[in-house]
Amino acid sequence: MENECIFCKIDQGEIPSYTIYEDDYVRAFLDITQGTKGHTLIIPKKHVKNVYETDPETINHVFSVVPKIARALRDAFNPIGLNIVNNNDEPLQSVFHFHVHLIPRYEDDGMVLKTENNYGKISTETFNSLVEKIQENL
Ligand code: AMP
Ligand code: ZN
């Protein structure tokens, strides 16, 4: 429990939440903004800031319930698909307690989540240097 963390407070019941699932390690509750219908957050009960600071055991607990919650959202709302999003560090992350967004998707829901398509523009040398650079840091 970290003092000023709103997600720790939600988990402790100090701030109300629309919780849909809870076990000894995780809590899943509706995101207050409901970016799309059913937009859900899954948090570990253990306070960890983000993916960089999360130990494998804690992240395993979170992801082990993702399929169950995803299927429940699918069966409840019949979306056309579902995105799983996790933001790390400012300016992407606004709450500094690790969480995974489950975002059911609907026709014309206004959400944009799209990367550039640079297929064919990157040389083999560049790909190899990317692999090397990342592997140096593993
Ligand atoms: P992120 O940018 O990934 O850190 O997103 C944090 C998310 O937490 C946002 O989507 C907020 O809408 C959501 N959020 C913030 N406060 C609450 C709250 N009290 N209950 C539910 N969701 C919240
Ligand atoms: Zn916390």
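For the structure, check the block above.
What comes next is a walk through the structure. Since the structure is predicted, the reported quantities are computational estimates derived from the model, not experimental observations. (Residues numbered from 1 in each chain as written. Chains lettered and ligands numbered in written order. Predicted model: local features only at pLDDT ≥ 70, side-chain atom pairs only at ≥ 80, totals over all residues. Heavy atoms only, no water.)

## Brief notes about the side chain of Arg-105
Item 1. Its location among the elements puts Arg-105 in strand β5 (residues 100-105).
Item 2. Within the local environment of Arg-105, its side chain forms a polar contact with the side chain of Asp-109, the two groups lying 2.7 Å apart.
Item 3. The residues touching Arg-105, leaving out its near neighbours within four places in the chain, are Pro-79, Ile-80, Gly-81, Leu-82, Asn-83 and Met-111. (Helix = DSSP H or I, 4+ residues; strand = E, 2+ residues; numbered from the N terminus. Polar contact = N/O pair within 3.5 Å; in protein donor to acceptor, adjacent residues only side chain to side chain. Contact = heavy atoms within 4.5 Å.)

## Some points on helix α2 (residues 56-77)
Item 1. Here α2 spans 31 Å end to end across 22 residues, near enough to the 32 Å set by a 1.5 Å rise per residue.
Item 2. In α2, a bend of some 30° at Val-66 exceeds every other bend along the element, and Pro-67, a proline, comes one to four places later.
Item 3. Buried positions along α2 lie against β1 (19-22), β2 (26-30), β3 (40-44), β4 (81-85) and β5.
Item 4. Where α2 ends, the next residue or the one after it, Asn-78, has phi of about 50°, a positive value. (Expected span 1.5 Å × (residues − 1). Bend = angle between axes of the 7 residues up to and from the residue.)

## Points about helix α3 (residues 124-136)
An α-helical turn contains 3.6 residues, so a residue and the one three or four places further along point in the same direction.
Item 1. Along its 13 residues, α3 runs 18 Å from first to last C-alpha, staying within 8% of the 18 Å computed at 1.5 Å per residue.
Item 2. Of all 13 residues in α3, zero are buried, a share of ten percent or less. (Buried < 20%, exposed > 50% of the residue type's maximum accessible area, 1.4 Å probe, protein only.)

## Topic: the sheet that holds β5
Item 1. Read across the sheet, five strands follow the order β1-β2-β3-β5-β4 without closing on themselves; strand pairing throughout is antiparallel. On the outer flanks of this sheet lie β1 and β4, each paired with one strand and no other. Neighbour to neighbour, the strand axes of the sheet diverge by 20° on average, direction disregarded.
Item 2. In terms of strand pairing, β2 meets β3 through five bridges, oriented antiparallel. Residue pairing in the sheet places Leu-30 in a bridge with Thr-40 of β3.
Item 3. Packed on one face of the sheet, α2 meets β1, β2, β3, β4 and β5 and runs near 155° to β3. (Pairing = 2+ DSSP bridges. Axes fitted to C-alpha atoms, helices over the stretch in contact; angles between N-to-C directions.)

## Topic: the coordination of the zinc ion (ligand 2)
Item 1. Distances from the zinc ion (ligand 2) to its protein donors, Cys-5 (SG), Cys-8 (SG), His-47 (ND1) and His-97 (ND1), fall within 2.0 to 2.3 Å.
Item 2. Each of the four donor atoms around the zinc ion (ligand 2) contributes to a set of angles spanning 106 to 116°, which defines the coordination as tetrahedral. (Donors = N, O, S within 2.8 Å, 3.2 Å for Na, K, Ca; no water. Tetrahedral: all angles 85-135°; square planar, octahedral: opposite > 155°, others 65-115°.)

## Thoughts on the side chain of Gln-93
Item 1. Within the element layout of this structure, Gln-93 appears in the loop between β4 and β5.
Item 2. From its side chain, Gln-93 meets the backbone oxygen of Lys-49 in a polar contact 2.9 Å long.
Item 3. At 3.3 Å, the side chain of Gln-93 and the side chain of Asn-50 are in polar contact.
Item 4. With near-sequence residues (within four places) excluded, Gln-93 lies in contact with Lys-49, Asn-50, Asn-87, Asn-88 and His-99.

## Description of the site of ligand 1
Item 1. The environment of ligand 1 is made up of 16 residues, and the closest members are Asp-31, Asn-87, Ser-94, His-99 and His-101.
Item 2. Interatomic distance of 2.8 Å between a side-chain N/O atom of His-101 and an oxygen atom of ligand 1.
Item 3. When ligand 1 is considered free in solution it has 510 Å² of accessible area, and contact with the protein chains removes 83% of it.
Item 4. Elements with a minimum of two residues in the shell around ligand 1: α1 (6-12) and β2.
Item 5. Tallying contributions element by element places α1 first for the shell around ligand 1, with three residues.
Item 6. Residues of the shell around ligand 1, tallied by class, amount to nine nonpolar, six polar and one charged. (Near = heavy atom within 4 Å. Areas by Shrake-Rupley, 256 points an atom, 1.4 Å probe, with all protein chains shown as cover. Nonpolar A, V, L, I, M, F, W, Y, C, P; charged D, E, K, R; others polar.)

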